[in-house]
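# Observations on the three-dimensional arrangement
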Amino acid sequence: MKAHTVSKIRGIIDGKLVQGTDETKIYFGAYRIKQIKHKNTILFTNKRIVNWKSLEEFFPLVLATEWNYKENEIPDNVTLIYVANSEHAYWTFIHYYRSLFDIPVVAITGTSGKTTTKEMIKHILSFDHKVTATNLTSNSRTAYLQYLLKMEEDTEAAVFETAVGAPGDVLKAGEYFKPTIGIITNIGAHHLNYCKTLEGYIAAKGEMVEIIDPTGVLIINGDDFNTRKINVKRFSGKIVKVGKKRNCQFKAMNIHYRNDGMQFSVQHKNKNYQVFVPGFGEHQVYNALYAIAAVYEMGVSVTEAAKRLRSFIKYEKQLQVLEGINGSLILDDTWSLTTTSLEAALKVLNEVGVEKKKIAIIGTITDLGSWGYIIHKEAGSIVYQNGVDILITIGFHAKIIADHAVEVGLKSPVYKFNNGILAYDLLKEIVDDETIILIKGDMYSQTIKELAFKLRNKPN
């Protein structure tokens, strides 16, 4: 955060100094007590603080509140600013702080690919720019303030994920970040426990159109069926489509699997550029297209972006290729699980596993609410359509995937387990050096994570 004095912030939020000094410096901000991690933090709150002892390590502390504390009720190392309404003061400060920066700010949403796209953009820009970005996959609503305040005097660009857990999440992110460039990677079926329907989820993702600067840029997947349902005509800025179709401004062609990554060409303004991106799968090509399109709007040429992408390091557990038990090959894709990412992973399994015995291990898809049965059936159809030699599901709801895959025509052996112990015992018997195993789950499934770890190691 750009350093501010109490005096400066009081003027911005129309606050009255009740205790402390106007010269106190502020470097951090919070609107919940648990967000206070440093000294010299300003906390905006309408709640009365009683347990000051738990905050002593963060003194000096600045409090902006409408609570009327009694004389001598708060410690000496706390500066108190009285405001008529702490929430109004908070948002006044947020809007003021964002206005300090006239830089490119990218916001990314989508069912899958957000983190990789964000990291690619950050990687490309970091060669010659100071970039602020969300950490790993931390894109929770409670983290927005901290990410905004990471923008400092020398920040030249910012890249933020804006996830959707419920309607309004992207709109709220927009109030903080006010992006100049927005990206919608793709829209599958996820977080239906709060969005209720697929149409509700599409609408929640479509909020991106509302939050981009009217003179900014919206980058979308020109091949994605659900993204086409968003009314982008209400956006007055520039719309850029990426994909494999003719009407895409950044068009991917001649896509090939190479050692450790994807080789393809990008057609842009009647010129072709050769691109290699580490990581397997056509979804990785799309992630690269989003990144190239975004940095191009910031002045980085396609040629330079492609050159920088060659040194991109993808995250572990995102279709990570490893040696496994009994000489097998493991595709560890235990970062996240949606029907969109499952289909992408199965396509990679079939491409990389040509002439090998292909085993798919699939866990439960979470955050589906009442849609759980339908989406797991859809996942079963995806398994059948892509084909595997052996299907293993782990978890009570994951059984629906297996049952439906068989119902629609899968003839391969199918095994259904409630945990990973029996699955591992089976795999020790049926796996050899002519086997490739895809293990697909999310980072919150301890069972899947433990099984993936065991599969990496040879048994005793």
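Before going into details, it helps to say that this report is about the structure given with it. Not measured: the values here are computed from a predicted model.

### Looking at the overall build of the protein chain
From N to C terminus, the protein chain includes 15 helices and 22 strands. Dimensions of the protein chain, computed from the C-alpha atoms along their principal axes, are close to 75 × 55 × 40 Å. Within the protein chain, buried positions represent 55% of all 460 residues. Of the contacts made within the protein chain by residues no fewer than 6 positions apart, 61% connect residues no fewer than 24 positions apart. Carbon and sulfur atoms make up 49% of the accessible area of the protein chain, which totals about 20500 Å².

### Things to note about unusual backbone geometry
Here the residue pair Phe-59 and Pro-60 is connected by a cis peptide bond, since its omega of 5 degrees sits within 30 degrees of zero. Within the fold, Pro-60 resides in the loop between β5 (41-44) and β6 (61-65). Residue Asn-40 is not a glycine yet carries a positive backbone phi of 60 degrees. Counting through the fold element by element, Asn-40 comes out in the loop between β4 (28-30) and β5. Phi at Asp-260 is positive, roughly 70 degrees, even though this residue is not glycine. Within the fold, Asp-260 resides in the loop between β14 (250-258) and β15 (261-268).

### Examining the pattern of salt bridges
Summed over all chains, the structure comprises 18 salt bridges. Across the pair Glu-210 and Arg-234 runs a salt bridge, and its minimum N-O distance is 2.1 Å. Of this pair, Glu-210 sits in helix α8 (residues 208-211) while Arg-234 sits in the loop between β12 (217-221) and β13 (238-243), placing them 24 residues apart in sequence. On the accessibility criterion, Glu-210 (47% relative accessible area) is partly exposed.

### Details of the layout of surface pockets
Here the second largest pocket defines a volume of roughly 480 Å³. What lines the second largest pocket is a set of 17 residues, and nearest its centre among them are Tyr-31, Arg-32, Phe-44, Glu-87 and Tyr-90. Examining the composition of the lining of the second largest pocket, we find that four residues originate from one element, helix α2 (residues 86-99), more than from any other. Among the residues forming the lining of the second largest pocket, the class breakdown is seven nonpolar, four polar and six charged.

### Structural notes on the nonpolar core
Ranked by size, the top nonpolar core spans 67 residues in total, and within it Ile-121, Ile-219, Phe-250, Phe-264, Leu-346, Val-383 and Leu-391 carry the most contacts. The greatest single-element share of this core, amounting to 10 residues, is contributed by helix α9 (residues 282-297). In contact with Leu-346, other than residues within four places in its own chain, are Ala-360, Ile-382, Val-383, Asn-386, Val-388 and Leu-438. Judged by nonpolar contacts, the second largest core, of 34 residues, contains Ile-13, Trp-91, Ile-94 and Tyr-97.

### Looking at the pairing of β15
With seven of its eight residues buried, β15 lies for the most part within the structure. Here β14 pairs with β15 via six bridges, running antiparallel. Across the sheet, His-256 pairs through a bridge with Gln-263, a residue of β15. Where β14 hands over to β15, the hairpin turn is made up of two residues, of which Asp-260 adopts a positive phi near 70 degrees. Bridge count for β15 against strand β16 (residues 271-278) is eight bridges, and the pairing is antiparallel.

### Observations regarding the sheet that holds β16
Taken in spatial order, the nine strands of this open sheet run β9-β10-β8-β11-β12-β13-β14-β15-β16, and their pairing is mixed. Each edge of the sheet is formed by a strand with only one pairing partner; in this case those strands are β9 (131-133) and β16. Sheet twist, expressed as the mean angle between neighbouring strand axes with direction ignored, is 20 degrees. Taken together, the three bridges between β9 and strand β10 (residues 157-161) define a ladder with parallel strand orientation. Following the sheet pairing, Ala-133 is matched in β10 by Val-159.

### Here's the deal with a negative patch on the surface
Taken together, Glu-355, Asp-432, Asp-433 and Glu-434 make up a surface patch of like negative charges. Tracing the backbone through its elements, the reader meets Glu-434 in the loop between α14 (420-430) and β22 (435-440).

### Some points on α9
Every α-helix winds through 3.6 residues per turn, so residues three or four apart in the chain are directed the same way. Here α9 is 16 residues long and its end C-alpha atoms lie 23 Å apart, about the 22 Å a rise of 1.5 Å per residue gives. Burial of α9 is extensive: 12 of the 16 residues sit out of reach of the surface. Listed in full, the buried residues belonging to α9 are Gln-284, Val-285, Tyr-286, Asn-287, Ala-288, Leu-289, Tyr-290, Ala-291, Ile-292, Ala-293, Ala-294 and Val-295. Positive phi shows up at Gly-299, right after α9, with a value of about 100 degrees.

### A closer look at the environment of Tyr-315
Within the secondary structure layout, Tyr-315 lies in the loop between α10 (302-309) and β17 (320-323). With 143 residues separating them in the primary sequence, Tyr-315 and Lys-172 have C-alpha atoms 28 Å apart.

### A few points about the packing of aromatic side chains
Tallied over the full model, the rule gives 17 aromatic pairs. Residues Tyr-90 and Trp-91 carry aromatic rings whose centres are separated by 5.3 Å and whose planes lie at 75 degrees to one another, so their mutual orientation is edge-to-face. Accessibility classification places Tyr-90 together with Trp-91 in one group, the buried group. Ring geometry for Phe-93 and Tyr-97: centres 6.0 Å apart, planes at 40 degrees, overall tilted.

### Quick notes on the environment of His-4
Its location among the elements puts His-4 in strand β1 (residues 4-5). His-4 sits in the buried class, given a relative accessible area of 5%. When the C-alpha atoms of His-4 and Glu-23 are compared, they prove to be 9.2 Å apart, with 19 residues separating the residues in sequence. Leave out the neighbours within four places in its chain, and His-4 touches Ile-9, Ile-12, Thr-24, Lys-25, Ile-26, Tyr-96, Tyr-97 and Leu-100. Only 3.0 Å separates the side chain of His-4 from the side chain of Tyr-96, close enough to count as a polar contact.

### Overview of the packing of helix α3 (residues 114-125) against α9
Interhelical geometry of α3 versus α9 gives an angle of 45 degrees and a closest axis separation of 9 Å. Regarding the angle of α3 to α9, the classification is oblique. Of the two elements, α3 crosses α9, and the hand of that crossing is right-handed. Residues Thr-116, Thr-117, Met-120, Ile-121, Ile-124 and Leu-125 of α3 pack against Gln-284, Asn-287, Ala-288, Tyr-290, Ala-291, Ala-294 and Val-295 of α9.

Scoring rules and cut-offs
Residues numbered from 1 in each chain as written. Predicted model: local features only at pLDDT ≥ 70, side-chain atom pairs only at ≥ 80, totals over all residues. Heavy atoms only, no water. Helix = DSSP H or I, 4+ residues; strand = E, 2+ residues; numbered from the N terminus. Buried < 20%, exposed > 50% of the residue type's maximum accessible area, 1.4 Å probe, protein only. Contact = heavy atoms within 4.5 Å. Areas by Shrake-Rupley, 256 points an atom, 1.4 Å probe, with all protein chains shown as cover. Salt bridge = Lys/Arg side-chain N within 4 Å of Asp/Glu carboxyl O. 1 Å grid on protein atoms, 1.4 Å probe; cavity = no way out; pocket = protein on both sides within 12 Å on 5 of 7 lines; lining within 4 Å. Points joined across faces, edges and corners; volume = space filled by probe spheres on them. Nonpolar A, V, L, I, M, F, W, Y, C, P; charged D, E, K, R; others polar. Core = buried A, V, L, I, M, F, W, Y, C linked by side-chain atoms within 4.5 Å. Pairing = 2+ DSSP bridges. Axes fitted to C-alpha atoms, helices over the stretch in contact; angles between N-to-C directions. Patch = residues over 30% accessible without salt bridge, like charges linked within 9 Å, V, L, I, M, F, W, Y side chains within 5 Å. Lys, Arg positive; Asp, Glu negative; His and termini not counted. Charge placed at Lys NZ, Arg CZ, Asp CG, Glu CD. Expected span 1.5 Å × (residues − 1). Phe/Tyr/Trp six-rings, centres within 6.5 Å; stacked < 30°, edge-to-face > 60°. Polar contact = N/O pair within 3.5 Å; in protein donor to acceptor, adjacent residues only side chain to side chain. Parallel < 35°, antiparallel > 145°, perpendicular 65-115°, else oblique. Left-handed = near helix turned anticlockwise from the far one by under 90°.

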